[in-house]
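# Structural features, examined
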Amino acid sequence: MASTSCSTPTDPSSSIPEDTATKVVNKRYEGLTTIRSKAIKGKGAWYWAHLEPILVRNSDTNLPKAVKLRCSLCDTVFSASNPSRTASEHLKRGTCPNFNSVLIPNSSSVSSPLPISSSLPSPPPPPPSHNHRKRSSHMITPLNSLAVVESNRFCNELGYSNHGLTQQHPNLMLSGGKDDLGALAMLEDSIKKLKSPKTSNGPSLSKDQIDSALELLSDWFYEACGSVSFSSLEHPKFRAFLHQLGLPGLSRRDLFGTRLEHKFHEAKSEVEARIRDAMFFQIACNGWKSKNCCSGEDNLVNFSISLPNGTSLYQKTVVTGDSMSSKHSEEVMWEAVMSICGNNLQRCVGVVSDKYKAKSLRNLEIQYQGMVNLPCQVQGLLSLIKDFIKELQLFRTVTDNCLKLSNFVNNKPQVRTMFHKYKMQELGCAGLLRVPSSKCECRMDFMPFYVMLEDILSSARVLHTVVLDDSYKVVCVEESIGREVAGLIQNEGFWNEVEAVYSLMKLIRGMAHEIEVERPLIGQCLPLWEDLKAKVKDWSARFNIVDGHVEKIVEKRFKKNYHPAWSAAFVLDPLFSMRDTSGKYLPPFKCLTHEQEKDVDKLITRLVSKEEAHVALMELMKWRSEGLDPLYAQAVQVKQRDPLTGKMKIANPQGGRIVWETCLSEYKTLGKVAIRLIFLHATACGFKCNWSSMKWICLHRHSRAGLERAQKMVFVAAYSKLERRDHLNEEERDGELFCYDGEDDMLNEVFADAPSV
């Protein structure tokens, strides 16, 4: 083989002077070295990573006389006249014994496995020789030996002879083509598996470890509750990942079969046991308010149970229509109460619901007067934003102006192009201004308006630049609306109004989110609304809004959301006891209005029997005058810093109820009312289905078996989620990762640097 011959080529010095010959050899060497260095950096042929130029020197004069290529894998030396051919025949054809496991980039051939014959004893090496040609002629690789021997045997059996072929091409490969070693690789793979069938590339795990790992994996899948599709379990790369860990694959039948049944019955039994052990409980239902208000899809109403120790338990999910009457929603709630309580209705203290229809909740209280049914505070605050949109002139003005601006920028091609260009320069992104649809506008959904204001405020500097562009001035000449929009953008009053509306909405949304996370008790409702009123008053002063209409709307929504149990829990909970001048800790009756004091008396007498009503009122007067021992009151009110949020929180959230059950045991009648009232939650934020599980249940609601299976999956997921005290959706948590909460005043920098007009 020409490429494997290492004999010295014709000496260039025989026909040209010695100095010139040396220069030619050096130049050839430097050229090959340069090519190799570039190739190693990825700018040349693949084979230079394995072939290295070397200088062969004259033993007498020590001057370079030739350039050779040395294989860095096996140290064989070749002629440097044709590197490509050398690489093809030495490396790709398998002549190099150490090139079997190397992958050839940019080539059709794949990495070659070790040949079968490599398991045989290696022949003794040939005697050392300084003649490179002789040494190379004896270096026949095991792969070549296998190919030639097997082909000889095959040809002899058929009566043919390949003597001419082997003589003519002594290194000819007969295993499948010029560069195709795939069939031989597959055959060798099969033989290896037959020789050692129990070998595995993955780690060796015990049966207990495998069972434990699959149990955790299935738990994660159930708790994802539709976010991970069943098809993903059969994805080749996921199966390869499990194989690398030494784990078998999970099948759909396995997950939908005994594993799911076991998990469901385990969670169901635990929930039922906790409900039986509880003295009383509150039922929370959420999902009446569809998140996709414009989609027309069915809602999923989730029922959960709040226990006196502060934990929540999932009960069930009911599929309802997009719009339900008060009577129907009342029936669904009552059916849930009866299914949980059975004949012992006294154990159910009440219902808290995110659907604010006072008639449904009042009717349930009339049917059983021992219940306290409350609207959710989160929905009460969000409804306040809708009140502003509907009743406040400032909101209507800002909405109209922002719709006019957004529609003009989005729909006018010349303006849209300029907006994209300057937004990309300023913010690094080029998107349209988000505009609410007409359906959302009719349904008074505030979120589309909120994001529209957010987009406009974040693009304030961009919009200023657009209207100062010469191309925009041409548009203004042609269309009057262009001049109106330019006037809005250049009017500081417009931006002050937009920021005022956005700030108020952001303030209320922030409080609603905090309430949803903290899940306050009803005794905290009055302080929360007082805090909201104080913040709204500060907002009015900041933006110079002095007509008092905003405060009236807040007060109207407060009265609509108010329940007498707020006032009763506020004065009965030792958490809110106030120290007077004598050192006593007395209930905060002085913080109530005269009407709210009457509400406390009426509620307490309603929650006890007629025979006990007089006794309860007498004990209430004693509680009002004597209060609580200072030591116990201070212990209940101790606060500590939450390591996760950094906020100061009550160290003993169940302290008030425990005080009534122990050191205030002399209040026999009032105490029974107090411990049932002060533990009630003011929000319906139990378990909330994520979008995937909602779609999953609605998709299978027409199949009895499919719906039952989906509900079991949701039950297992909800049980685990509530065990972790996790009350947020995955979508909400993921959304927080992408939210950027900038400064409240986004316009100071804009107007400070805006060009003068």
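Anyway, here's the lowdown on the structure attached to this text. (Residues numbered from 1 in each chain as written. Predicted model: local features only at pLDDT ≥ 70, side-chain atom pairs only at ≥ 80, totals over all residues. Heavy atoms only, no water.)

### Overview of the overall build of the protein chain
- For the protein chain, the helix and strand inventory stands at 33 helices and 12 strands.
- Sequence separation of at least 24 residues holds for 67% of the intrachain contacts in the protein chain that already meet a minimum separation of 6.
- In the structure as shown, the protein chain presents an accessible area of about 40,600 Å², 54% of it carried by carbon and sulfur atoms. (Helix = DSSP H or I, 4+ residues; strand = E, 2+ residues; numbered from the N terminus. Contact = heavy atoms within 4.5 Å. Areas by Shrake-Rupley, 256 points an atom, 1.4 Å probe, with all protein chains shown as cover.)

### Details of the pairing of strand β7 (residues 348-353)
- Burial within β7 is extensive, with 6 of its 6 residues counted as buried.
- In this sheet, β7 lies alongside strand β4 (residues 281-286) in parallel orientation, the contact comprising 5 bridges. Along β7, the bridge assignment pairs C285 with S353.
- Alignment of β7 against strand β8 (residues 374-375), held across 2 bridges, turns out to be parallel. Paired with V352 across the two strands is L374, which belongs to β8. (Buried < 20%, exposed > 50% of the residue type's maximum accessible area, 1.4 Å probe, protein only. Pairing = 2+ DSSP bridges.)

### Some remarks on the packing of helix α15 (residues 413-427) against helix α19 (residues 470-478)
- Across the interface, α15 lies against α19 with an axial gap of 10 Å and an inter-helix angle of 160°. As judged from the angle between their axes, α15 and α19 are roughly antiparallel. Between α15 and α19 the crossing geometry is left-handed. On the side of α15, the interface is formed by Q414, V415 and M418, while α19 contributes S471, Y472 and V475.
- Split by residue class, the contact of α15 with α19 holds 4 nonpolar, 2 polar and no charged. (Axes fitted to C-alpha atoms, helices over the stretch in contact; angles between N-to-C directions. Parallel < 35°, antiparallel > 145°, perpendicular 65-115°, else oblique. Left-handed = near helix turned anticlockwise from the far one by under 90°. Nonpolar A, V, L, I, M, F, W, Y, C, P; charged D, E, K, R; others polar.)

### Observations regarding the pattern of salt bridges
- Tallying each qualifying case throughout the model produces 25 salt bridges.
- Among the ionic pairs, E261 bridges to K712, the shortest N-O distance being 2.6 Å. With E261 in helix α10 (residues 258-277) and K712 in helix α31 (residues 704-723), this pair connects stretches of sequence that are 451 residues apart.
- Put simply, K404 and E484 hold a salt bridge, and the shortest N to O gap is 3.1 Å. Taken together, the residues K404 in helix α14 (residues 393-411) and E484 in helix α20 (residues 480-489) connect sequence positions 80 residues apart.
- The partly exposed category is assigned to K404, whose relative accessible area is 31%.
- According to the relative accessible area criterion, E484 is partly exposed, its value standing at 41%.
- Three or more residues are tied together by salt bridges with common partners; here these are E215, D219, R259 and K263. (Salt bridge = Lys/Arg side-chain N within 4 Å of Asp/Glu carboxyl O.)

### Quick word on the packing of helix α24 (residues 564-572) against helix α25 (residues 594-607)
- Between α24 and α25, whose axes approach to 8 Å, the crossing angle comes to 90°. In terms of orientation, α24 lies roughly perpendicular with respect to α25. Contacts between α24 and α25 involve P564, A565, S567, A568 and V571 from the former and Q596, D599, V600 and L603 from the latter.
- Tallied by class, residues from the contact of α24 with α25 come to 6 nonpolar, 2 polar and 1 charged.

### So, the sheet that holds strand β2 (residues 64-71)
- A sheet is described by the order of its strands in space; here 3 strands give the open sequence β1-β2-β3, paired in antiparallel fashion. Of all the strands in the sheet, the pair left with one neighbour each is β1 (51-57) and β3 (77-79). Between one strand axis and the next, the sheet turns through 45° on average, direction left out of account.
- Both β1 and β2 contribute to a ladder of 7 bridges, which runs antiparallel.

### Side note on the side chain of R557
- Summarising the element assignment, R557 is placed in helix α23 (residues 549-561).
- Note on R557: relative accessible area 6%, which makes it buried.
- Only 2.8 Å separates the side chain of R557 from the side chain of D387, close enough to count as a polar contact. (Polar contact = N/O pair within 3.5 Å; in protein donor to acceptor, adjacent residues only side chain to side chain.)

### Remarks on the sheet that holds β8
- The strand order across the open sheet built from 5 strands is β6-β5-β4-β7-β8, with neighbouring strands paired in mixed fashion. What marks the edges here is a single partner per strand, and that holds for β6 (312-320) and β8.
- Across the sheet, helix α11 (residues 326-341) touches β4, β5 (299-306), β6 and β7, and the angle it forms with β4 is around 145°.

### Here's the deal with the side chain of R519
- Note that R519 resides in the loop between α21 (492-518) and α22 (525-542).
- Buried within the structure, R519 lacks any salt-bridge partner; E516 is the closest side chain of opposite charge, at an N-O distance of 8.9 Å.
- Of note is the side chain of R519, whose polar atom sits 3.4 Å from the side chain of S312. (Lys, Arg positive; Asp, Glu negative; His and termini not counted.)

### Remarks on the environment of Q634
- Along the chain, Q634 falls in helix α27 (residues 630-636).
- For the pair formed by Q634 and L575, sequence separation is 59 residues and the distance between their alpha carbons is 8.6 Å.
- A distance of 3.5 Å separates the side chain of Q634 from the side chain of Y585, its partner in a polar contact.

### Looking at helix α17 (residues 447-458)
- Taking 1.5 Å as the rise per residue, α17 with 12 residues should run 16 Å; its terminal C-alpha atoms sit 16 Å apart, in good agreement.
- Burial within α17 is extensive, with 9 of its 12 residues counted as buried.
- Within α17, burial applies to P448, F449, Y450, V451, M452, L453, D455, I456 and L457. (Expected span 1.5 Å × (residues − 1).)

### Some details on the packing of aromatic side chains
- Across all of its chains, the model carries 18 aromatic pairs by this definition.
- When the centroid spacing of 5.0 Å and the interplanar angle of 20° are considered together, the rings of Y450 and Y502 count as stacked. Taken together, the residues Y450 in helix α17 and Y502 in helix α21 connect sequence positions 52 residues apart.
- The class of Y450 is buried, set by a relative accessible area of 5%.
- The exposure class of Y502 is buried, given its relative accessible area of 5%.
- The ring of F303 is capped by K316, whose NZ or CZ atom sits 5.9 Å from the centre of that ring.
- The ring centre of Y450 lies 4.6 Å from the NZ or CZ of R509, which sits over that ring. (Phe/Tyr/Trp six-rings, centres within 6.5 Å; stacked < 30°, edge-to-face > 60°. Lys NZ or Arg CZ within 6 Å of the ring centre and 35° of its normal.)

### Overview of the environment of C71
- Here C71 shows up in strand β2.
- As for C71 and L91, which are separated by 20 residues in sequence, their C-alpha atoms are 9.1 Å apart.
- Once you skip the residues sitting within four places of it in the chain, C71 turns out to touch H50, L51, T76, F78, H90, L91 and C96.

### A closer look at the nonpolar core
- F388, Y472, I522, L572, W660 and L677 are the most contacted members of the largest nonpolar core, which has 110 residues in total.
- Tallying contributions element by element places α21 first for this core, with 12 residues.
- Excluding its chain neighbours within four sequence positions, the residues that come into contact with L677 are V372, I522, A565, A568, A569, L572, L603 and L607.
- Grouped together as the second largest cluster of nonpolar side chains are 48 residues, Y222, L345, V351 and M713 included. (Core = buried A, V, L, I, M, F, W, Y, C linked by side-chain atoms within 4.5 Å.)

### Digging into unusual backbone geometry
- Of note, the phi angle at D75 is positive, near 65°, even though the residue is not glycine.
- Here D75 shows up in the loop between β2 and β3.
- One non-glycine residue with positive phi stands out, namely R519, at about 50°.

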